[in-house]
Amino acid sequence: MSDLNTIIKEELERINDANTFKFETEIESAQSGTVKVSGKVMVMLASNNYLGFSNHPKIREAAIRGINDYGHGVASVRFLCGTQTIHRDLERRIAKFLSKDDSILFSSCFAANEGLFASLFNEPLGMDEWQDVIYTDQFNHASIIDGLRLCRSKSTVKRIYKHMDMNDLEEILKEDEDKDFRFRLLVTDGVFSMEGDLAPLPRLVELCGQYGITLTIDDSHALGVIGDSGRGTPEELGVQGEIDIITGTLGKAMGGAAGGFIAGDKELITYLRQKSRPYTFSNSLPPSIVIAAIEAFDLLDSDSSIIAKLKENTDYFRKEIRLLGFTILKGIHPIVPIMLGEASLAQEMAKSLLEENIYIKGLWFPVVPKGEARLRTQLSAAHSRDDLDKALSAFETTGKKLGVIS
Ligand SMILES: *Cc1c(COP(=O)(O)O)cnc(C)c1O
């Protein structure tokens, strides 16, 4: 018999040797444009707090109101006694915001993605024998990959297409055209988290229409972030209302606490309330988070200056960091990957920046392809111009010190 602890220890050593051990930094303050670490104030460039709602006074007040009016938790799943009026209010609000019929809440977007695919594809739904096909982008989020793993391989064909490669996808679609599938579904991240690039939605809408495919996007990094009014990738790319199913998180721009959802047609959402296991068998979202999320939508709808500030900060940082001589991945998203190449350089630079009071994380193989190590910066409406200038100046100093820029 092998000893579990010995094997785990070996695996941990292997992770450490491969330089892929994930170290956690303890933050001593609330999440914001700056945070406190080891007693020092640092500019935060690594959070998904795009709108600064994680510690926004109105969001905090709303969360407290949630506790005062509805308590700390409901101690139940939704179908027993876990549905308060506010849960339905939030679900309708999300649906309206995204121009869909209805939506269904989950404890996270990870849970939403786990709860979507299997509940459709593993079920007979009018057939004794069936086969479905799912098309999925190579770089889709881990929660989509896991959600697809829950589908039975016997009845679900998974076809992975090259990242954003519409020619590759079209070839696969042509191969499948005459096959006898029951359902055809395509799933993609709206915005990919390592690149900050946007899925080519207009082309995907076209192809899915042409081949009879249900188009699903996970817009977690886009909700409240892109599109003139924060309605995400479909708004940004001019195809709002043309996506069949949208999943997303309340744990990034929209408050940063927790919660996820699926938005779609009325029948689908009603069906998921019956069949989706992470919904049916997991606790309802706490009232503080529900009320705070409703407030986040109110704020986004009523104060366009917040999203304008995020855009201004993003444009400023993208422009200035390039002027310093750094290579970034082009785009419009507040995720700005600064490309360094070698993992050791990314590690070295992240460490130097930390010493300059800039909170940043490096990414290297296997999280990103070999030779494409990078620092991923993320901008927020919570950053002041002064925060950004401090960060840029630290990038200049460390970049010169390490010979990345001259
Ligand atoms: C962050 C993220 C998730 C996970 O969201 P949680 O609500 O934190 O579980 C899922 N999908 C994508 C694309 C994400 O970026």
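Reading guide: rules and limits
Residues numbered from 1 in each chain as written. Predicted model: local features only at pLDDT ≥ 70, side-chain atom pairs only at ≥ 80, totals over all residues. Heavy atoms only, no water. 1 Å grid on protein atoms, 1.4 Å probe; cavity = no way out; pocket = protein on both sides within 12 Å on 5 of 7 lines; lining within 4 Å. Points joined across faces, edges and corners; volume = space filled by probe spheres on them. Helix = DSSP H or I, 4+ residues; strand = E, 2+ residues; numbered from the N terminus. Nonpolar A, V, L, I, M, F, W, Y, C, P; charged D, E, K, R; others polar. Pairing = 2+ DSSP bridges. Axes fitted to C-alpha atoms, helices over the stretch in contact; angles between N-to-C directions. Near = heavy atom within 4 Å. Polar contact = N/O pair within 3.5 Å; in protein donor to acceptor, adjacent residues only side chain to side chain. Areas by Shrake-Rupley, 256 points an atom, 1.4 Å probe, with all protein chains shown as cover. Domains from an automatic or database assignment. Buried area = accessible area lost by both parts, 1.4 Å probe. Salt bridge = Lys/Arg side-chain N within 4 Å of Asp/Glu carboxyl O.

(A) Highlighting empty space enclosed by the protein. One pass over the structure, following the stated rule, counts three cavities of 30 Å³ or more. By volume, the largest cavity is sized at about 90 Å³. Forming the boundary of the largest cavity are R78, H87, L105, F106, S107, P278, Y279, S282, N283, S284 and L285. The set of elements that each furnish at least two residues to the lining of the largest cavity consists of β3 (102-106) and α10 (277-280). Class assignment of the residues belonging to the lining of the largest cavity gives a composition of five nonpolar, five polar and one charged. Put simply, the second largest cavity is a space of about 50 Å³.

(B) Broad picture of the sheet that holds strand β10 (residues 335-341). Taken in spatial order, the three strands line up as β10-β13-β12 in an open sheet, and their pairing is antiparallel. Looking along the sheet, the strands with just one partner apiece sit at the ends: β10 and β12 (361-363). The mean angle between the axes of side-by-side strands here comes to 30 degrees, regardless of whether they run parallel or antiparallel. Alignment of β10 against strand β13 (residues 373-378), held across six bridges, turns out to be antiparallel. By the bridge assignment for β13, I335 is matched with Q378.

(C) Examining the site of the ligand more closely. Near the ligand you find S108, C109, F110, H141, S143, D189, D218, S220, H221, T249, K252 and G259, and these make up its full shell. K252 places a side-chain nitrogen or oxygen 2.7 Å from an oxygen atom of the ligand. Surface burial for the ligand is 83%, taken as the share of its 390 Å² of free accessible area covered by protein chains. Partitioned by chemical class, the residues of the shell around the ligand number two nonpolar, seven polar and three charged.

(D) Spotlight on unusual backbone geometry. Look at the link from F365 to P366: it is a cis peptide, with omega at 10 degrees. Structurally, P366 can be placed in the loop between β12 and β13. Although it is not a glycine, L125 adopts a positive phi angle of roughly 40 degrees. Relative to the helices and strands, L125 resides in the loop between α4 (109-121) and β4 (132-137).

(E) Molecular detail of the domain arrangement of the protein. In terms of domains, the protein is made up of domain 1 (19-50 + 304-401) and domain 2 (57-302). Domain 1 and domain 2 are separated by 28 Å when their C-alpha centres are compared. Buried area between domain 1 and domain 2, summed over both chains or domains, comes out near 1,500 Å², and the portion from carbon and sulfur atoms is 66%. For the pair domain 1 and domain 2, the number of links is one salt bridge. A salt bridge links E195 to R374, with the shortest nitrogen-to-oxygen separation between them at 3.1 Å. Our count for the domain 1 to domain 2 interface comes out at six residue pairs in polar contact (both at pLDDT 80 or more). Mapped by element, the contributors of at least two residues to the side of domain 1 that touches domain 2 are α12 (304-323), β10 and β13. Considering each element in turn, the side of domain 1 that touches domain 2 owes the most residues, four residues, to α12. A breakdown of the residues in the side of domain 1 that touches domain 2 according to their chemical character gives twelve nonpolar, four polar and two charged.

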